[in-house]
Amino acid sequence: MSFDFHRPATVTEAVDLAQRLFPTARFIAGGSDIVIQINRKKIDPSHLIDVACLPGLSGIAETSDEFTLGALTKYHTIETHPAFAGSLRALIEAASVIGGRQVQNIATIGGNIVNASPAADFVPVLLALDAVLDITGPNGSRSVPLQDFIVGPGKTSLLPVEIVTSIRLAKLPARSATAFVKEGRRRAMEISVVCVAACLTLEAGGSRCASVRLAIGAAAPKVFRAKAAEAYLEGQLADQTSFAEAGKLAAEECAPISDVRASADYRRRLVSIMVERALTACFERTGEERR
Amino acid sequence: MNAQNHSVAGRRLPRLDGVGKVTGKHVYAADFKLPGMLYGKVLRSPRAHALIKKIDTSRAASIHGVRGIITSADIPAIRYGTAVRDTTVFAVDRVLFVGHAIAAVAATSLEIAERALEAIEVEYENLPTLFDPEEALNSNIRIHPNWETYKALPIIARSGNIAGQARIRVGDVEAAFAKSYKVYEHRFTTALQHPGYTEPRVATADWDANGNVTVWCNTQLPFDTQNTLAEILDLPSARVRVTVPGIGGGFGGKLRIGVEHFAALLARKTARPIKVMSTSEEELTAALPRQASVVLVKTGVDKDGHLLARSGKIIVDCGAYAGSGPGTAAISLQVMAGPYKTGALELEGIAVYTNKVHSGSFRAPAGPMANFAMECQMDMIAKDLGLDPLEIRLRNVVKEGDPGPSGEIHKSVSIEECLRKAANAIGWHDRKPEPGRGKGIACSWWMTTGGSSGVYVKINPDGTATLVSGAVEIGTGAITGAAQILAEELSLDLTDVNATGVDTQAAPFDYGAQGSRTAFSVGNACLAAAAELRRQMFELAAKQLDAPIEGMSLQDKHVIAGNKSISIAELARISRLAGGGLIAHGTAISPAPPYDPTRVQNHPLPVWNTPSYHAHAVDLSVDQATGKVTINRYVVAQDVGYAINPTYIEGQIEGGVAQGIGQALSEEIVYQDGRVMNANLTDYKMPTAMDVPEIESIIVECRSAAGPYGAKGVGEPPCIEPPAAIGNAIAAATGCWPNSLPMTAEKIAAALRVQQS
């Protein structure tokens with residue numbers, strides 16, 4: 001392991017550097033994943049391009065219809081952001097269980113996305129919120145839905161010379177709530193055995209589901225949306241019976257593996273239980289607006 | 001001296017090594033560096049059991065920056081080991097497990113050394129493998145075909161793949177079963193657990209111009225390491241100097257040689273200082289973890305739940321070498337007997353070789369495994385008989401003067417007090433049936449390991465004392481505890497005592513930082529040294545003050561004789577000029593108590609010294625769907641004899657319970673086809689601060705006859721009961737007993753499903 005360390009001053013400089021040093025260069029932000037990959041000899045880059053200090057890529061901006069999260073935003077910033085305490089609470093719930101406090105203060109949300117781990121904790125929340133990524137590369141900028149961005153385990157549509165600069169989340173309609181639940185063998189520094197993010201919007205009147213988005217981590221080669229469960233719930237009564245049925249459908253949709261962390265069978269059961277629990281939490285959180 | 005009047009001992013004083021450790025100034029072995037130092041790396045086997053057909057190091061040797069490579073061909077054919085001398089530095093002709101050392105490389109950087117390892121070519125021919133210890137008992141495959149040629153302690157009984165087999169027999173167990181009202185038989189399994197010390201095993205070695213080698217390392221047993229190194233290097237032990245700058249935890253995993261021999265051999269080969277440090281992967285594949293085990297327990301009781309008969313068998317998977325396996329298998333017998341009166345016993349412990357990592361003496365070896373089986377079965381019996389789990393224990397616990405399993409006499413017995421205090425604290429009598437929530441209780445006893453300790457104590461001309469001990473301060477505060485005893489006896493403040501690091505060249509022998517013995521035994525040696533210093537000081541004071549020795553005392557750093565006095569500092573100055581200084585050698589040995597040798601066979605530790613008694617109680621919740629356990633409260637009542645420093649005792653209890661919670665719920669080195677599947681700290685799951693509740697410690701003081709001021713061993717016991725207490729609480733919450741460690745959420749959920757269907 002030996003590499004040259006570059007610290008560009010702007011996104012353009014970073015992209016230029018990446019182009020020049022391709023294919024032996026990798027971007028590094030918080031380093032909470034790439035350093036482990038280097039240490040375990042999974043990758044051996046000759047150049048590391050440090051983007052952690054690039055200006056304008058950090059922090060949370062709000063307009064009337066959306067939030068923009070800089071790709072370098074840290075989890076601790078998200079966890080303590082007052083605007084997320086309401087219907088977007090899943091962001092806080094996921095941010096507070098990623099790694100431990102040290103990881104939450106150094107790791108970036110952009111890193112979690114481009115790393116594209118099937119067990120990424122933040123990706124399900126973003127996927128359930130239909131996040132859109134803004135990307136800058138040699139040919140300028142483009143935007144892509146997160147749903148299309150992650151293509152497989154560790155694989156994305158990002159070119160090695162491109163940088164994710166921000167993540168945009170549309171604000172939720174009234175009578176909406178989100179929840180994130182995670183199961184693992186311990187309460188911190190834990191890679192999820194299964195994690196589930198749910199976003200529920202109720203119809204006017206508050207008794208039926210208008211729209212539901214369910215994203216599930218660590219139960220398939222990539223974080224996925226449980227479309228059958230989502231479709232089933234639309235127009236259904238928002239109650240324990242339908243939530244349990246959605247859990248069953250999601251468990252049928254997932255494709256977990258057996259590994260040292262858990263068996264496929266247990267993961268499938270967790271999906272069923274956790275989808276039901278995440279939906280129940282969402283429903284309870286819409287309580288104020290239902291009345 | 002009346003313990004109530006102590007001014008230094010028994011107080012919550014800050015530890016002597018505390019400031020250096022919390023400010024980062026303390027030098028650990030991993031921090032140690034020498035000018036011109038090279039880096040050593042070890043080539044480890046990717047095969048579980050194979051003949052080595054060829055090792056070709058020529059390509060590796062030609063890499064720029066590689067300064068030396070050694071294999072078994074370069075060193076004397078020595079086998080070493082504690083119980084059985086079966087271990088070699090490198091694999092000889094055959095590899096016995098994935099991770100077995102084959103060669104070592106010294107290079108100018110770690111990266112070059114790693115590249116050199118990849119360039120060493122080894123040809124293998126696979127041999128049939130044995131991974132299951134029960135299968136290994138009866139297999140024709142031999143992991144050590146020449147085991148009969150190995151030397152071993154005469155007490156150790158071996159055969160085939162069995163590295164040691166011990167028995168305890170009391171009374172006629174078959175007759176006792178025959179007259180039992182009910183007989184219960186259960187099988188439990190426990191998993192391989194890493195000691196989880198913070199600092200990996202590390203050593204730096206350097207040879208001087210006269211052919212003497214110095215090794216700076218983080219061993220718990222500097223003198224044992226010195227002897228083993230002398231054997232491996234084929235040198236008189238005086239030419240091997242082992243020094244421990246600092247040690248980042250050990251928990252029994254650093255008792256035996258780890259990487260010191262690689263460093264010393266590479267340094268001899270290259271004539272340069274060498275540093276070798278284990279990686280996390282090496283720690284989890286080739287260190288000295290706690291053995292996995294299979295425990296079978298059969299117990300017969302009368303109608304009232306009195307224990308009439310117990311037969312038990314523990315099969316300890318010691319891996320490719322015996323390591324601590326034979327001792328662990330043997331000690332488990334006392335744990336299986338427990339702090340209970342049982343009419344008849346027939347207990348057998350077997351250590352068996354498999355093609356897996358060889359194992360060590362992790363904190364209370366055998367304690368948690370045998371206790372998990374025995375104490376969970378106690379609750380099963382209680383439930384079947386309709387008895388309260390606390391009540392069945394109270395009906396069976398030993399009382400003062402009762403015989404122990406080896407025929408020794410239980411003395412200063414406190415098990416009932418510990419059980420009642422732990423139960424009261426957890427609210428045992430307020431238990432209400434509540435789905436998914438339960439309370440569990442478990443108890444045990446444990447020895448204070450014997451072995452000799454020596455200290456040198458010197459009074460300095462400023463009136464302070466220097467304490468030279470051969471025992472490492474492993475992080476428990478034990479040396480501070482011993483210094484508190486020394487300061488108490490000499491009327492000094494604790495901060496007047498300077499405790500040195502350990503250097504085998506200068507320090508007197510100590511049996512080592514192991515077996516809950518350090519504060520106990522070094523403390524006793526300090527008592528002896530203080531008595532000798534008082535004698536020297538009183539003699540000198542008698543001359544200086546022209547006063548009789550009779551009636552002299554030490555108070556506030558002065559010798560007092562009637563209305564005359566002289567300071568300790570003044571006496572030290574006078575002695576230094578005219579008498580060679582005030583220096584004492586204090587020694588301590590705790591002899592084994594009398595026992596009945598006809599009860600015990602092939603047991604290297606046939607009787608326990610100065611046992612302690614303890615009980616744990618836990619209140620936890622179980623998620624009925626996912627099986628996830630949340631510990632709400634955890635209480636420990638532990639008899640420490642005399643609390644030399646209550647703060648560090650609480651620290652030992654809290655740390656031990658944390659390790660026990662890990663063993664109970666999450667930790668396991670997972671093997672599949674001979675390969676470790678989780679050789680990293682992402683997937684080897686030690687509990688975090690978020691997983692461990694506040695531990696409530698109740699210190700019970702039932703004075704021993706042998707310990708300083710009545711102290712008993714403290715360090716190991718806290719990790720014994722957690723698996724059993726937690727298992728019993730899970731059963732109380734769910735109705736099912738997980739019989740296999742770790743009791744993961746997945747296993748509990750599976751048990752719940754079986755119960756529901």
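Residues numbered from 1 in each chain as written. Chains lettered and ligands numbered in written order. Predicted model: local features only at pLDDT ≥ 70, side-chain atom pairs only at ≥ 80, totals over all residues. Heavy atoms only, no water.

Visitor: How should the overall build of chain B be read in this particular structure?
Guide: Looking only at helices and strands, chain B features 18 helices and 30 strands. The C-alpha radius of gyration of chain B comes to 27 Å, within 12% of the 27 Å expected for a compact globule of 757 residues. Taken over the C-alpha atoms alone, chain B extends approximately 85 × 70 × 50 Å along its principal axes. Expressed as a percentage of the 757 residues in chain B, the buried residues total 63%. Sequence-distant contacts, at least 24 apart, represent 80% of the contacts inside chain B between residues at least 6 apart. Accessible surface, chain B: about 27,100 Å² in total, of which carbon and sulfur atoms supply 50%. (Helix = DSSP H or I, 4+ residues; strand = E, 2+ residues; numbered from the N terminus. Rg over C-alpha atoms; globule rule 2.2 N^0.38 Å. Buried < 20%, exposed > 50% of the residue type's maximum accessible area, 1.4 Å probe, protein only. Contact = heavy atoms within 4.5 Å. Areas by Shrake-Rupley, 256 points an atom, 1.4 Å probe, with all protein chains shown as cover.)

Visitor: I keep staring at the overall build of chain A and nothing clicks. Help me out?
Guide: Across its full length, chain A holds 12 helices and 14 strands. A compact globule built from 291 residues should have a C-alpha radius of gyration of about 19 Å, and chain A, at 19 Å, falls within 12% of that. In terms of overall dimensions, chain A has C-alpha extents of about 60 × 45 × 30 Å along its principal axes. Expressed as a percentage of the 291 residues in chain A, the buried residues total 52%. Of all intrachain contacts in chain A linking residues separated by at least 6 positions in sequence, the fraction that spans at least 24 positions is 63%. When the accessible surface of chain A is totalled, it reaches about 12,200 Å², and 52% of it is carbon and sulfur.

Visitor: Teacher, can you tell me more about the sheet that holds strand E10 (residues 163-170) of chain A here?
Guide: Working definition: the strands of a sheet are paired by backbone hydrogen bonds and lie parallel or antiparallel to each other. Residues and elements named next belong to chain A. Overall, antiparallel pairing links the 5 strands, which are arranged E4-E5-E10-E6-E7 in an open sheet. A single partner strand is all that each edge strand has here, and the edge strands are strand E4 (60-62) and strand E7 (140-145). Strand-to-strand twist across the sheet, computed as the mean angle between neighbouring axes with direction ignored, equals 20 degrees. Relative to strand E5 (residues 66-70), E4 runs antiparallel, the two sharing 3 bridges. Note that in E5 the partner of Ile60 across the bridge is Leu69. Of the strands in this sheet, strand E6 (132-137) and E10 touch helix H1 (residues 11-21), which is tilted by about 130 degrees from E10. (Pairing = 2+ DSSP bridges. Axes fitted to C-alpha atoms, helices over the stretch in contact; angles between N-to-C directions.)

Visitor: Teacher, can you tell me more about empty space enclosed by the protein here?
Guide: Taking a probe equal in size to a water molecule and rolling it over the atoms shows the remaining empty space. A complete count under the given rule lists 6 cavities of 30 Å³ or more for this structure. Estimated volume of the largest cavity: approximately 60 Å³. Around the largest cavity sit Arg185(A), Val260(A), Arg261(A), Ser666(B), Glu668(B), Val670(B), Asn678(B), Asp683(B), Tyr684(B) and Lys685(B), which together line it. Class assignment of the residues belonging to the lining of the largest cavity gives a composition of 3 nonpolar, 2 polar and 5 charged. (1 Å grid on protein atoms, 1.4 Å probe; cavity = no way out; pocket = protein on both sides within 12 Å on 5 of 7 lines; lining within 4 Å. Points joined across faces, edges and corners; volume = space filled by probe spheres on them. Nonpolar A, V, L, I, M, F, W, Y, C, P; charged D, E, K, R; others polar.)

Visitor: Any chance you could explain the packing of helix H16 (residues 646-665) of chain B against helix H17 (residues 722-734) of chain B here in plain terms?
Guide: Each pair of packed helices can be described by the angle between their axes along with the distance between the axes. All names here are of chain B. In the contact formed by H16 and H17, the axes pass within 8 Å of each other and the chain directions differ by 55 degrees. The orientation of H16 with respect to H17, classified from their angle, is oblique. Considering only the axes of H16 and H17, their crossing is right-handed. For the pair H16 and H17, the contacting residues are Val657, Gly660, Ile661, Gln663, Ala664 and Leu665 in the first and Pro722, Pro723, Ile726 and Ile730 in the second. Looking at the contact of H16 with H17 residue by residue, the class counts come to 8 nonpolar, 2 polar and no charged. (Parallel < 35°, antiparallel > 145°, perpendicular 65-115°, else oblique. Left-handed = near helix turned anticlockwise from the far one by under 90°.)

Visitor: Just checking my understanding: could you explain the interface of chain A and chain B for this structure?
Guide: By a widespread convention, an interface's size corresponds to the accessible area lost as its parts come together. Taken together, the contact between chain A and chain B spans 23 residues of the former and 29 residues of the latter. A combined buried area of about 2,300 Å² lies between chain A and chain B, and 47% of that area is made up of carbon and sulfur atoms. Among the residues of chain A in contact with chain B, Arg185(A), Arg186(A) and Arg187(A) are the three that bury the most area, contributing 34% of the side total. Counting across the interface, chain A meets chain B through 7 salt bridges. Lys685(B) is the partner of Glu190(A) in a salt bridge, and the nearest nitrogen-oxygen pair spans 2.7 Å. Our count for the chain A to chain B interface comes out at 15 residue pairs in polar contact (both at pLDDT 80 or more). For the side of chain A that touches chain B, the elements supplying multiple residues, two or more each, are strand E11 (176-183) and helix H11 (264-285) of chain A. With 6 residues, H11(A) is the single largest residue contributor to the side of chain A that touches chain B. For the side of chain A that touches chain B, a count of residues per class yields 9 nonpolar, 2 polar and 12 charged. (Buried area = accessible area lost by both parts, 1.4 Å probe. Salt bridge = Lys/Arg side-chain N within 4 Å of Asp/Glu carboxyl O. Polar contact = N/O pair within 3.5 Å; in protein donor to acceptor, adjacent residues only side chain to side chain.)

Visitor: Explanation requested: helix H10 (residues 240-253) of chain A in the structure shown.
Guide: Each α-helix turn comprises 3.6 residues. Residues three or four places apart therefore point the same way. For H10(A), which comprises 14 residues, the first-to-last C-alpha distance of 20 Å matches the rise-based estimate of 20 Å (1.5 Å per residue) to within 8%. For H10(A), the elements touching its buried residues are strand E12 (194-202), strand E13 (209-217), helix H9 (227-233) and H11 of chain A. (Expected span 1.5 Å × (residues − 1).)

Visitor: Would you mind going over the state of the cysteines with me for this structure?
Guide: By definition, a disulfide links two cysteine residues through a covalent bond between their sulfur atoms. All names here are of chain B. Inspection of every chain in the model, using the stated rule, returns 0 disulfides over all chains. Just so you know, Cys318 is unpaired, no disulfide at all, and the nearest cysteine sulfur is the one on Cys719, 20 Å from it. Classification of Cys318 by relative accessible area gives buried; the value is 0%. Of the cysteine sulfurs around Cys736, a residue in no disulfide, the closest is that of Cys376, at 12 Å. Take Cys736: its relative accessible area is 12%, and that puts it in the buried class. (Disulfide = S-S within 2.5 Å.)

Visitor: Can you help me understand the domain arrangement of chain B in this one?
Guide: Residues and elements named next belong to chain B. By domain assignment, chain B separates into domain 1 (3-26 + 450-588), domain 2 (32-127 + 216-249 + 254-263) and domain 3 (292-448 + 595-756). Domain 1 and domain 2 are separated by 40 Å when their C-alpha centres are compared. Listed by partner, the interface residues are 17 residues for domain 1 and 17 residues for domain 2. Across the domain 1 to domain 2 interface the summed buried area is about 1,300 Å²; carbon plus sulfur atoms make up 58%. When the buried area of domain 1 at its contact with domain 2 is split by residue, Val472, Ile474 and Thr504 rank highest and sum to 41% of it. At the junction of domain 1 with domain 2, the criterion picks out 1 salt bridge. In this structure, Arg241 and Asp503 form a salt bridge, with 2.7 Å as the shortest nitrogen-oxygen distance. Connecting domain 1 to domain 2 are 5 residue pairs in polar contact (both at pLDDT 80 or more). Class assignment for the residues of the side of domain 1 that touches domain 2 results in 8 nonpolar, 6 polar and 3 charged. (Domains from an automatic or database assignment.)

Visitor: Would you explain a nonpolar patch on the surface in this entry?
Guide: Residue and element names in this part refer to chain A. Residues Met1, Phe3 and Phe5 make up a contiguous nonpolar surface patch of roughly 300 Å² in combined accessible area. Take Met1: it is sitting in the segment before strand E1 (4-6). Met1 sits in the partly exposed class, given a relative accessible area of 47%. (Patch = residues over 30% accessible without salt bridge, like charges linked within 9 Å, V, L, I, M, F, W, Y side chains within 5 Å.)

Visitor: Looking at this structure, how should I read the pairing of strand E7 (residues 162-170) of chain B?
Guide: Remark: a regular strand shows side chains that alternate across the two faces of the sheet. Residues and elements named next belong to chain B. Extensive coverage of E7 is indicated by the burial of 7 of its 9 residues. Sheet topology places E7 next to strand E15 (residues 344-353); 8 bridges connect them, and they run antiparallel. Within the sheet, the bridge partner assigned to Gln165 lies in E15 and is Ile350. As paired strands, E7 and strand E25 (residues 600-601) are joined by 2 bridges and run antiparallel to one another. Among the inter-strand pairings, Ile168 is bridged to a residue of E25, identified as Val600.

Visitor: So what exactly am I meant to see when it comes to the nonpolar core here?
Guide: Inside soluble globular proteins, nonpolar side chains tend to come together where they are buried. Grouped together as the largest cluster of nonpolar side chains are 120 residues, with contacts concentrated most on Leu620(B) and Ile726(B). For this core, the element with the most residues is helix H10 (residues 367-385) of chain B, which contributes 10 residues. Both of domain 2 (32-127 + 216-249 + 254-263) and domain 3 (292-448 + 595-756) of chain B provide at least three residues apiece to this core. If sequence neighbours within four positions are ignored, Ile726(B) has contacts with Val618(B), Leu620(B), Ile631(B), Tyr634(B), Ile661(B), Ala664(B), Leu665(B) and Met743(B). In this structure, Ala71(A), Val103(A), Ile167(A) and Ala197(A) belong to the second largest nonpolar core, which totals 43 residues. (Core = buried A, V, L, I, M, F, W, Y, C linked by side-chain atoms within 4.5 Å.)

Visitor: Can you walk me through the sheet that holds strand E3 (residues 66-71) of chain B in this structure?
Guide: Residue and element names in this part refer to chain B. Taken in spatial order, the 8 strands line up as E3-E5-E1-E12-E9-E10-E11-E20 in an open sheet, and their pairing is mixed. Each edge of the sheet is formed by a strand with only one pairing partner; in this case those strands are E3 and strand E20 (502-503). In this sheet, strand E10 (residues 213-217) lies alongside strand E9 (residues 202-207) in antiparallel orientation, the contact comprising 5 bridges. Among the inter-strand pairings, Ala203 is bridged to a residue of E10, identified as Cys217.

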